[in-house]
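Next come the chains, spelled out residue by residue.
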Amino acid sequence: MAIIIDENTNVLVMGITGRQASFHTKQMLAYGTKIVAGCTPGKGGVEVEGIPVYNTVREACEKHRIDASVIFVPAPATKDAALENLEAGVKVVVIVTEGVPVYDEIEIVAYAKSKGAYVLGPNTFGIVSGGKCKMGIPPNQYFIKGEVGVVARSGTLTYEIVGNLTANGLGQSTVVGMGGDRAVGLTFIDVLKLFEKDDQTKAVVMIGEIGGNNEEIAAEYIKEMTKPVIAFIAGKSAPPGKRMGHAGAIIERGKGTYQGKVEALTAAGAKVAPLTFDVPQLVKEALGIK
Amino acid sequence: MKMFEYMGKELFAKFGLPVPKGRMVTNPEDAEKVAAEIGGPCVVKSQVLSGKRGKAGGIKFPNTPEEAKKAAEEVLSMTIQGLPVECVLVEEKLQIDKELYLSITVDGSAKQAVMIASAYGGMDIEDQPEEYIIKRHIDPNLGLQPFVARDVVRKMGIPLNSPQGKEIVKIMQLLYKICIEKDAELVEINPLVYSGDRVIAADSKVTIDDDAMFRMKDLPFVDDKSPAERAAADLGLSFVELEGDIAVMANGAGITMGTLDTLQAFGGTPRNFLDCGGGTGREATAKALEILLGLKPKGLFINIFGGITRCDDVANAFKDVYEARGGYPVPVVIRLVGTNQEAGREILKSIGIEAFDFMEDGARRIIELIK
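Conventions used here
Residues numbered from 1 in each chain as written. Chains lettered and ligands numbered in written order. Predicted model: local features only at pLDDT ≥ 70, side-chain atom pairs only at ≥ 80, totals over all residues. Heavy atoms only, no water. Helix = DSSP H or I, 4+ residues; strand = E, 2+ residues; numbered from the N terminus. Rg over C-alpha atoms; globule rule 2.2 N^0.38 Å. Buried < 20%, exposed > 50% of the residue type's maximum accessible area, 1.4 Å probe, protein only. Contact = heavy atoms within 4.5 Å. Lys, Arg positive; Asp, Glu negative; His and termini not counted. Charge placed at Lys NZ, Arg CZ, Asp CG, Glu CD. Core = buried A, V, L, I, M, F, W, Y, C linked by side-chain atoms within 4.5 Å. Salt bridge = Lys/Arg side-chain N within 4 Å of Asp/Glu carboxyl O. Polar contact = N/O pair within 3.5 Å; in protein donor to acceptor, adjacent residues only side chain to side chain. Nonpolar A, V, L, I, M, F, W, Y, C, P; charged D, E, K, R; others polar. Pairing = 2+ DSSP bridges. Axes fitted to C-alpha atoms, helices over the stretch in contact; angles between N-to-C directions. 1 Å grid on protein atoms, 1.4 Å probe; cavity = no way out; pocket = protein on both sides within 12 Å on 5 of 7 lines; lining within 4 Å. Points joined across faces, edges and corners; volume = space filled by probe spheres on them. Parallel < 35°, antiparallel > 145°, perpendicular 65-115°, else oblique. Left-handed = near helix turned anticlockwise from the far one by under 90°. Phe/Tyr/Trp six-rings, centres within 6.5 Å; stacked < 30°, edge-to-face > 60°. Lys NZ or Arg CZ within 6 Å of the ring centre and 35° of its normal.

A.B. asks: Just to check I follow, could you spell out the overall build of chain A for this structure?
C.D. replies: Assigned secondary structure in chain A consists of ten helices and 14 strands. The C-alpha radius of gyration computed for chain A amounts to 19 Å, which stays within 12% of the reference 19 Å derived for 290 residues, consistent with globular compactness. Seen through its C-alpha atoms, chain A measures out along the principal axes to roughly 55 × 50 × 30 Å. Here chain A holds 290 residues, and the buried ones make up 60% of them. Put simply, of all contacts in chain A between residues at least 6 apart along the chain, 73% involve residues at least 24 apart. Taking the 30 positively charged and 30 negatively charged side chains of chain A as two groups, their mean positions are separated by 2 Å.

Okay, structure coming up:
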């Protein structure tokens, strides 16, 4: 099974003619991703890595079934690109771009909700269903097929932990990057619900960080889950962060600290790994592997 | 980007939001002039990007233009929380009948803007009980409609048919307009005051989304960072100085935090947080290494798990600095894996450096080396 994407997902690469996008198109193809089309306004008619490029997403959708798009366009053009894909009916939109204005993000996320689509990012490394399909930028060799679902905010921290899992023979069903920005499409709870329903997934690794209250909200759902959850929270050693006027402090009211998150998750029955490389052992224990 | 109070108030005035009469000045003579124009008791407020200006003596209440001149002279020679006062705002002194609180900010968890309002504003807003603080999320499809503002005013306990109630409904809508049109991630008025029949923004706190600066060309630029932070920000990197002795470079905020956590767990102390993620190229990475060496650490730990960041770019940058300086002045440990890993390691080998595979091994090694 896996969640959100699999070996049958037809993928479009938005901005495919760009330097980063063409490099990662090659990497995604090497992983086995079924990329069927690319789109760059004004560059229609050319090919990148053998993939046909179209001027608009609608045009690509007339020629191909597009299940998911991965966006690599510059930040000022990202809102337009994301809305174009959602409006054309694409149900999974992965936005790799970082530096997108927060009010653009809010608009994208609200529109996706009205269309019943998933948005990953902005500022996500992407999503990988182990051995089946990769959308985004993670290095291929660390992501293998298996039974562990992984959900995270931060990219490189995920590579770090997934790399450790793979080195310990623990493959992944799907690794989901929600994105590191303030307003992103998915929350931990959305993804945990999908993993709970997924047959292939036997345990879930949740990679959070200090700030916000997403992890605390997720803890409420973890109480109901039948599958084991192993969490890692980055930022234990971070000095108290900067805050925005009084408003940030008022919203959070003491939430968002390392200690608060660990307590909420532990009380919900999750196992919290003190350091990144403690994760594989906790996963093995949860799965009954020696 | 944080704006000075006077800039925020100029922005408010441009949008039709009521602010006190007054002007920003940079010398005592101009302060005297503005006070004479106002013609009555004034306030002279230091303009620095920090709170607690009042407690530091940075706000004075002169009654005459001569007193205003003297007050400005004093305040302009002050340093508040390490920040020199370079300008002051001279304003009419308001008769304050009541202080309220009003702000709009982005709530990432809700993926929406949220308006926060209280009929009990002023210095102690953070200590007010939860029931006095009204929070209302703003549906981005609707914007801040008048009915939303009316409902918040009702919950604040303010009569909707009062002149003040009607005025606050208008102010709330203007505040949201500023957020959307100016990409403000925070707009805060504390206090919003009743002054006779008028409702006036007695203070302003505005933060513009750094990511939106490309389309905010008409706003004044405020440099709100320390020199090292500025140097890193100019390279597109986020950087925070800490107290320890191991300089750290990693790629991505999460792994950088994870690296600091690991060093600390093994008994090391990080000198900084530096996230050089997001496909930072060779040249920028080399400059970032120079910033780190400029901190005079006892050791340097580089922890790269390349995704969009390419290991060969990092290795080349490391080599560039090595060659330019004829070696590194302190012990260095590099953990290098991910995209273009083999190419990166070959480059490091050419200058005699063996990269580590795992973060924990690298972290242990650098701590040993600086003992």
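On we go from here.
A.B. asks: Please explain the nonpolar core as it appears in this structure.
C.D. replies: Within the largest apolar cluster, 89 residues are counted, with the highest numbers of intra-cluster contacts made by Val151 and Met206 of chain A. With residues near it in sequence (within four places) discarded, methionine 206 of chain A still touches Val151, Phe188, Leu192, Glu215, Ala218, Ile222, Val229, Ile230, Ala231, Phe232 and Leu265 of chain A.

A.B. asks: So what exactly am I meant to see when it comes to the interface of chain A and chain B here?
C.D. replies: Reports often express the size of an interface as the amount of accessible area lost when the parts come together. With 56 residues of chain A at the interface, the matching set in chain B holds 64 residues. Connecting chain A to chain B are four salt bridges. Linking aspartate 209 of chain B and arginine 182 of chain A is a salt bridge whose minimum nitrogen-to-oxygen distance equals 3.5 Å. Where chain A packs against chain B, one counts 15 residue pairs in polar contact (both at pLDDT 80 or more). Secondary structure elements with two or more residues in the side of chain A that touches chain B: helix 1 (19–31), helix 4 (102–115), helix 5 (155–167), strand 13 (229–234) and helix 8 (245–252) of chain A. Grouping the amino acids of the side of chain A that touches chain B by side-chain chemistry returns 30 nonpolar, 16 polar and ten charged.

A.B. asks: Would you take a moment to explain helix 6 (residues 188–197) of chain A for this structure?
C.D. replies: Owing to its 3.6 residues per turn, the α-helix brings residues three or four apart onto one side. Listed as buried for helix 6 of chain A are Phe188, Val191, Leu192, Leu194, Phe195 and Glu196 of chain A. Where helix 6 of chain A is buried, its residues meet strand 7 (118–120), strand 10 (145–152), strand 11 (172–177), strand 12 (203–209) and helix 7 (214–222) of chain A.

A.B. asks: Would you explain the sheet that holds strand 14 (residues 271–272) of chain A in this entry?
C.D. replies: What links the strands of a sheet is backbone hydrogen bonding, and the strands pair in either a parallel or an antiparallel sense. Residues and elements named next belong to chain A. Strand order across the open sheet formed by seven strands is 9-8-11-10-12-13-14, with mixed pairing between neighbours. Bordering the open sheet on either side are strand 9 (133–136) and strand 14, each of which pairs with just one other strand. Where strand 12 meets strand 13, six bridges bridge the pair, whose relative direction is parallel. Across the sheet, residue glutamate 209 finds its bridge partner in strand 13, namely alanine 234. The strands that helix 1 touches are strand 8 (126–129) and strand 9; relative to strand 9, the one it contacts most, it runs at about 165°.

A.B. asks: Is there a simple way to explain the layout of surface pockets in this structure?
C.D. replies: A water-sized probe rolled over the atoms picks out the places where empty space is left. Residues and elements named next belong to chain A. Volume-wise, the second largest pocket comes out at about 390 Å³. Contributing elements (two or more residues each) for the lining of the second largest pocket: helix 4, strand 7 and helix 6. If one sorts the elements of the lining of the second largest pocket by residue count, helix 4 sits on top with six residues.

A.B. asks: Whenever I open this one, helix 6 (residues 227–234) of chain B confuses me. Can you help?
C.D. replies: All names here are of chain B. Within helix 6 the residues assigned to the buried category are Ala228, Glu229, Arg230 and Ala232. The inward-facing, buried residues of helix 6 contact strand 13 (238–241) and helix 8 (282–293). Where helix 6 ends, the next residue or the one after it, glycine 236, has phi of about 80°, a positive value.

A.B. asks: How do you make sense of the packing of helix 7 (residues 253–265) of chain B against helix 11 (residues 359–369) of chain B when you look at a structure like this?
C.D. replies: Relative placement of two packed helices is described by the angle separating their axes and the distance separating the axes. All names here are of chain B. Look at helix 7 against helix 11: their axes get within 10 Å of each other, and the N-to-C directions meet at 50°. One way to sum up the angle between helix 7 and helix 11 is to call them oblique. The crossing of helix 7 and helix 11 is right-handed. Note on element contacts: helix 11 touches helix 7 through Met359, Ala363, Ile366 and Ile367, opposite Gly258, Thr259, Thr262 and Leu263.

A.B. asks: Would you explain the pattern of salt bridges in this entry?
C.D. replies: Where charged atoms from two side chains of opposite charge come close, those side chains can pair. Residues and elements named next belong to chain B. Following the criterion strictly, the structure yields 38 salt bridges over all chains and no others. Of the charged contacts in the structure, one is a salt bridge between lysine 135 and glutamate 130, with a shortest N-O distance of 3.5 Å. The partly exposed category is assigned to lysine 135, whose relative accessible area is 35%. Residue classification places glutamate 130 among the partly exposed positions, given a relative accessible area of 40%. One salt bridge connects aspartate 183 with arginine 215, and the closest N-O pair in it is separated by 2.8 Å. Of the two residues, aspartate 183 is situated in the loop between helix 5 (163–182) and strand 10 (184–195) and arginine 215 in the loop between strand 12 (205–208) and helix 6; the sequence distance between them amounts to 32 residues. Taking relative accessible area as the criterion, aspartate 183 reaches 2% and is therefore assigned buried. In this structure arginine 215 comes out as partly exposed when scored by relative accessible area, which is 32%. Taken together, the salt bridges that share partners define one network made up of Glu5, Lys9, Lys45, Arg53, Glu91 and Asp203.

A.B. asks: For this particular structure, what's the right way to read the sheet that holds strand 2 (residues 42–46) of chain B?
C.D. replies: Residue and element names in this part refer to chain B. Reading across from one edge, 1-6-2-3 is the order of the four strands in this open sheet, with antiparallel pairing throughout. In this open sheet, the two strands that pair with only one neighbour each are strand 1 (22–25) and strand 3 (59–60). In this structure, strand 2 lies alongside strand 3, joined through two bridges in antiparallel fashion. By the bridge assignment for strand 3, lysine 45 is matched with isoleucine 59. Contacts between helix 3 (residues 65–76) and the sheet are confined to strand 2, strand 3 and strand 6 (88–92), with strand 2 contributing the most and set at about 10° to the helix.

A.B. asks: What exactly am I supposed to notice about the packing of aromatic side chains here?
C.D. replies: Describing an aromatic ring pair means giving the distance of the ring centres and the angle of the ring planes. Tallying each qualifying case throughout the model produces nine aromatic pairs over all chains. Residues phenylalanine 143 of chain A and tyrosine 159 of chain A carry aromatic rings whose centres are separated by 6.4 Å and whose planes lie at 80° to one another, so their mutual orientation is edge-to-face. Here tyrosine 159 of chain A lies in helix 5 and phenylalanine 143 of chain A lies in the loop between strand 9 and strand 10, a separation of 16 residues in the sequence. No difference in accessibility class separates phenylalanine 143 of chain A from tyrosine 159 of chain A, as the two residues are buried. Residues phenylalanine 277 of chain A and phenylalanine 266 of chain B carry aromatic rings whose centres are separated by 6.0 Å and whose planes lie at 35° to one another, so their mutual orientation is tilted. You can see phenylalanine 277 of chain A sitting in the loop between strand 14 and helix 10 (279–287) and its partner phenylalanine 266 of chain B sitting in the loop between helix 7 and strand 15 (272–275), one on each of two chains. What links up through ring pairs into an aromatic cluster is the set Phe125, Tyr142, Phe143 and Tyr159 of chain A together with Phe305 of chain B. Sitting above the plane of the tyrosine 221 of chain A ring, lysine 193 of chain A keeps its charged end 5.7 Å from the centroid. Across from the ring centre of tyrosine 120 of chain B, 5.0 Å away, lies the NZ or CZ of lysine 98 of chain B, which sits over that ring.

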